[in-house]
Amino acid sequence: MALPDKATILAVLKNIAGPDGTANIVEQGLIGADDITLSNAKAIITVKVPAEQAQALEPMRLAVEKAVSAIDGIASALAILTAERQPGTGSPANGAGSPASSLSSPTPAAVAPAGPDAGIGDVKSVIAVASGKGGVGKSTTAVNLALALQADGLAVGILDADIYGPSMPRLLNIHGRPKPVAGRTLKPLEGYGLKVMSMGFLVDEDTPMIWRGPMVISALTQMLNEVQWGPLDVLVVDMPPGTGDAQLTMAQKVPLAGAVIVSTPQDLALIDARKGLNMFKRTEVPVLGIVENMSAFVCPKCGERTDIFGHGGARDEAARIGVPFLGGIPLDIEIREKSDAGTPIVIAAPDSAIADIYQEIAAKISQALGQESQAAGRQPPKIVIE
Ligand code: ADP
């Protein structure tokens, strides 16, 4: 069936009344053609709303989803509220604006019910796995560390916040869509015992998507707050790569117990990793340490180790800036092959030397989380502008 065009979708959306009841949401400028992303019969619609009305407009958000999913040729629709307007004004805000995710408000009393046990209230520690740039093995590290923490007896979840390139569906070989359990709450999917939520369950991994800052934050807060996560000991957040505004805001919005920075040994990556570190320092999130990924090449035939990129860069850098060095994971074809096969190496070869390294790193993280436990339950950190 042919994909409907944006004009068709806008025509349908014109049947939905805007917040003031006098005109429809398209005429009121809440949705334009640029706010519709269409791919493989899936539609994502961002609705620009004044931040202070985000909760009250939840029925409107649902009406948008319902109306668009009923259009011939559309298999599913996701509507996200973004606050690109200054509260109380009809004009777009300067800059990225603030998120207006339906549950991201600091005033829980005004929040529409998201269903029982929604959110991260029963999660003891949320940790971020971050990198200064893409392609350094952040997601591979995040998933193997999550599984290693679980092998240590912890209840673990993983939130794939890398919405630019969600990889958890592939890494954990999970297909399907999260089901609503009550209200707006989604039940996370499960992979090898991990509770998993990923934007990849809602949109295809191959779909090129352009995310604007507020959309990123809105999507992340929904995945944190409208998912039945708990009880969990640790929720590992696979952050989007980079250190832009979206990442900074996320680091500030999520009550992180700590951050793990993944870096390759190349100098350039270390410069990027430094940016990542600075980002967490600015948000007062404790950096649990640096993981050096692809630290050396181990020949699959003879087992000889070659330090292709030089050795010890991340360890030296960690010592220089006073951040723990958590460990080095070699560049090993098995890691990539097992990842591609949807069986991370900690699952596929739990007794291997590489799985041992992940276990050692996980043990250091658990220990650090124990030490940070006094900080648990604290409010999201404030951004300190230096
Ligand atoms: P990022 O999340 O930083 O973008 P990924 O985790 O997706 O990076 O990894 C990028 C690619 O590198 C993937 O194909 C992955 O299988 C591979 N990879 C990651 N770490 C290793 C490693 N230590 N050895 C071999 N391949 C790796």
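Coordinates for the structure precede this section.
Bear in mind the structure is a predicted one, so any value in this text is a computation, not a measurement.

K.L.:
Would you mind going over the overall build of the protein in detail, with residue names and values included?
P.N.:
Across its full length, the protein carries eleven helices and 15 strands. Out of the 386 residues belonging to the protein, those deemed buried represent 53%. Put simply, of all contacts in the protein between residues at least 6 apart along the chain, 75% involve residues at least 24 apart. Roughly 16200 Å² of accessible area belongs to the protein as shown, and the carbon and sulfur atoms make up 54% of that amount.

K.L.:
Can you break down the site of the ligand residue by residue, with the values?
P.N.:
Neighbouring the ligand are 16 residues, the closest being G135, K138, S139, T140 and P330. Between a nitrogen atom of the ligand and a main-chain N or O atom of P330, the distance comes to 2.8 Å. Within the backbone of D332, an N or O atom sits 3.0 Å from a nitrogen atom of the ligand. In isolation the ligand exposes 560 Å². Once the protein is present, 82% of that is buried. Of all elements in the fold, only α3 (138–151), β13 (287–298), β15 (325–331) and α9 (333–340) reach the threshold of two or more residues within the shell around the ligand. Here the residues of the shell around the ligand sort into six nonpolar, seven polar and three charged.

K.L.:
Can you lay out the environment of A318 for me, pointing to particular residues and giving the numbers?
P.N.:
With respect to the helices, strands and loops of the structure, A318 is situated in helix α8 (residues 313–321). The exposure class of A318 is buried, given its relative accessible area of 1%. Put simply, A318 and G289 are 29 residues apart on the chain and 7.6 Å apart in space, counted from C-alpha to C-alpha. Not counting the four nearest positions on each side in its chain, A318 is found in contact with I290, V323, P324 and F325.

K.L.:
Run through the pattern of salt bridges, naming residues and quoting values.
P.N.:
For the coordinates displayed, the defined rule picks out eight salt bridges. Ionic pairing is found between K138 and D238, a salt bridge with its closest N-O pair at 2.8 Å. Of this pair, K138 sits in helix α3 while D238 sits in strand β11 (residues 232–238), placing them 100 residues apart in sequence. Exposure class is identical for K138 and D238. Each is buried. D340 is the salt-bridge partner of R170, the closest N and O atoms lying 3.4 Å from each other. Taken together, the residues span a long stretch of sequence, with R170 in helix α4 (residues 168–171) and D340 in helix α9 at a distance of 170 residues. By sharing partners, the salt bridges in this structure join E58, R61 and E65 into a single network.

Reading the values: the criteria
- Residues numbered from 1 in each chain as written.
- Predicted model: local features only at pLDDT ≥ 70, side-chain atom pairs only at ≥ 80, totals over all residues.
- Heavy atoms only, no water.
- Helix = DSSP H or I, 4+ residues; strand = E, 2+ residues; numbered from the N terminus.
- Buried < 20%, exposed > 50% of the residue type's maximum accessible area, 1.4 Å probe, protein only.
- Contact = heavy atoms within 4.5 Å.
- Areas by Shrake-Rupley, 256 points an atom, 1.4 Å probe, with all protein chains shown as cover.
- Near = heavy atom within 4 Å.
- Polar contact = N/O pair within 3.5 Å; in protein donor to acceptor, adjacent residues only side chain to side chain.
- Nonpolar A, V, L, I, M, F, W, Y, C, P; charged D, E, K, R; others polar.
- Salt bridge = Lys/Arg side-chain N within 4 Å of Asp/Glu carboxyl O.

Shape descriptors only; they carry no functional weight alone.
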